[in-house]
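Residues per chain, in single letters:
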Amino acid sequence: NRLHAELFDTYDLQDVVRFIETQTYLNGDRYSFKDHEFQKDIISDTTRDVYCQKCAQVGLSEIMARYVIGLCRIMPYFSAILTMPYAGDAGNFVKTRINPFIEGSPDLKEAMGDLDNTSIKSIGTSLFYARGTSGETAALSVPADLLVHDEVDRSDAFTLAQYQSRIKHSRWKLTRLFG
């Protein structure tokens, strides 16, 4: 599938579900959607804009992290930005949620490039950014194919609007908002 995708320059956004199930782990076991099957529907949605109102402790922040990193892994030259209300929140999220599942995945570990910190990661030929929404420069100079805004209700609305310009020249122009 990956060879076909590269030869014909086509990618299926639904491939990320298979990647998450086969290449990422939770507590030493392959990640499973068991008892959270609704998550598959959310991350398999191929529409450009997805808006999701979430309640606490349903695992959507976790699956969105896996979704963002998974797309960066399976789609060459892809760029994604995950935002949270504050840069400190985003950095802590990367340290406590994203880094552990990258470390637990041989495939992701091998794909990690030289850029690997709490605000930017190179994964193969793709880039992942973690940003806050407070501060006037948060949305500047970062091109993207995918924007994932977590905790939208606590985020700066003006900065969220600025992020939309980051996907202007992307062929994908994907936006996912959660709050």
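For clarity, every value in this text was computed on a predicted model and none was experimentally measured.

> How do you make sense of the packing of helix 2 (residues 15-23) against helix 4 (residues 60-74) when you look at a structure like this?
Geometry of a packed helix pair, given as the angle between the helix axes and the separation of the axes. Relative orientation of the contacting elements helix 2 and helix 4 amounts to 105°, with a least axis distance of 9 Å. Regarding the angle of helix 2 to helix 4, the classification is roughly perpendicular. Every residue of helix 4 that contacts helix 2 at Asp15, Val16, Phe19 and Ile20 is listed here: Ile63, Arg66, Tyr67, Gly70, Leu71, Arg73 and Ile74.

> Sorry if this is basic, but what is going on with the pattern of salt bridges here?
Any two side chains of opposite charge can pair if their charged atoms end up close together. As enumerated under the stated definition, the model contains 10 salt bridges in all. One salt bridge connects glutamate 62 with arginine 66, and the closest N-O pair in it is separated by 2.8 Å. Linking glutamate 62 with arginine 66, this pair stays in helix 4, spanning four residues, or about one helical turn. Since its relative accessible area comes to 1%, arginine 66 is described here as buried. A salt bridge links aspartate 89 to arginine 154, with the shortest nitrogen-to-oxygen separation between them at 3.7 Å.

> Can you walk me through the sheet that holds strand 3 (residues 49-52) in this structure?
With mixed pairing, seven strands are arranged side by side in an open sheet as 3-9-8-4-7-6-5. Each edge of the open sheet carries a strand with a single partner, namely strand 3 and strand 5 (112-116). Mean inter-strand twist for the sheet, computed between neighbouring axes without regard to direction, equals 10°. Across four bridges, the pairing between strand 6 (residues 120-123) and strand 7 (residues 126-132) is antiparallel. Bridge assignment links isoleucine 123 to a residue of strand 7, and that residue is serine 126. The strands touched by helix 5 (residues 87-103) are strand 4 (79-84), strand 5, strand 6 and strand 7; relative to strand 7, the strand with the most contacts, the crossing angle is about 140°.

> Would you mind showing me how to read the pairing of strand 5 here?
Consecutive side chains of a regular strand alternate in pointing toward one face of the sheet and then the other. Two elements, strand 5 and strand 6, share two bridges in a ladder whose sense is antiparallel. Across the sheet, methionine 112 pairs through a bridge with isoleucine 123, a residue of strand 6.

> Looking at this model, I keep getting lost on the pairing of strand 8 (residues 146-149). Mind explaining?
By the alternation rule, side chains of strand 8 split into Leu146 and Val148 and Leu147 and His149, which are all buried. In terms of strand pairing, strand 4 meets strand 8 through four bridges, oriented parallel. Looking across to strand 8, one finds that threonine 83 is bridged to histidine 149. Across four bridges, strand 8 lies against strand 9 (residues 174-178) in parallel orientation. Opposite valine 148, over in strand 9, you have arginine 176 as the bridge partner. Taken together, strand 8, helix 7 (residues 157-163) and strand 9 constitute a β-α-β crossover, and its handedness is right-handed.

> Just to check I follow, could you spell out the environment of alanine 144 for this structure?
Relative to the helices and strands, alanine 144 resides in the loop between strand 7 and strand 8. With relative accessibility at 4%, the residue alanine 144 sits in the buried group. The sequence separation of alanine 144 and arginine 171 amounts to 27 residues, and the corresponding C-alpha distance is 9.9 Å. Sequence-distant contacts of alanine 144, that is, excluding residues within four places in its chain, are made with Ser79, Ile81, Arg166, Ile167 and Ser170.

Conventions used here
- Position numbers for residues count from 1 along each chain, tracking the sequence in the order it is written.
- Confidence filtering applies because this is a predicted model: local features only for residues at pLDDT of at least 70, side-chain atom pairs given and counted only at 80 or more, and all residues used for totals across whole chains, interfaces and linings.
- By convention in this description, side-chain values take in all heavy atoms of the structure and omit both hydrogens and water.
- Angles run from 0 to 180 degrees between N-to-C directions of axes, and those axes are lines fitted to C-alpha atoms, restricted for helices to the stretch in contact.
- Labels follow the DSSP assignment, with helices taken as runs of H or I lasting at least four residues and strands as runs of E lasting at least two, numbered in each case from the N terminus.
- Our angle categories are set so that under 35 degrees counts as roughly parallel, over 145 as roughly antiparallel, 65 to 115 as roughly perpendicular, and the remainder as oblique.
- Any two residues having at least one pair of non-hydrogen atoms within 4.5 Å are treated as being in contact.
- Salt-bridge detection follows one rule: a side-chain nitrogen of Lys or Arg within 4 Å of a carboxyl oxygen of Asp or Glu.
- For each residue, the accessible area found with a 1.4 Å probe, counting protein chains only, is set against the maximum for its type, and the residue is called buried under 20%, exposed over 50%, and partly exposed in between.
- Strand pairing requires that DSSP identify at least two bridges connecting the strands.
- With the strands aimed away from the viewer, a crossover counts as right-handed if its path from the first strand over the helix to the second runs clockwise.

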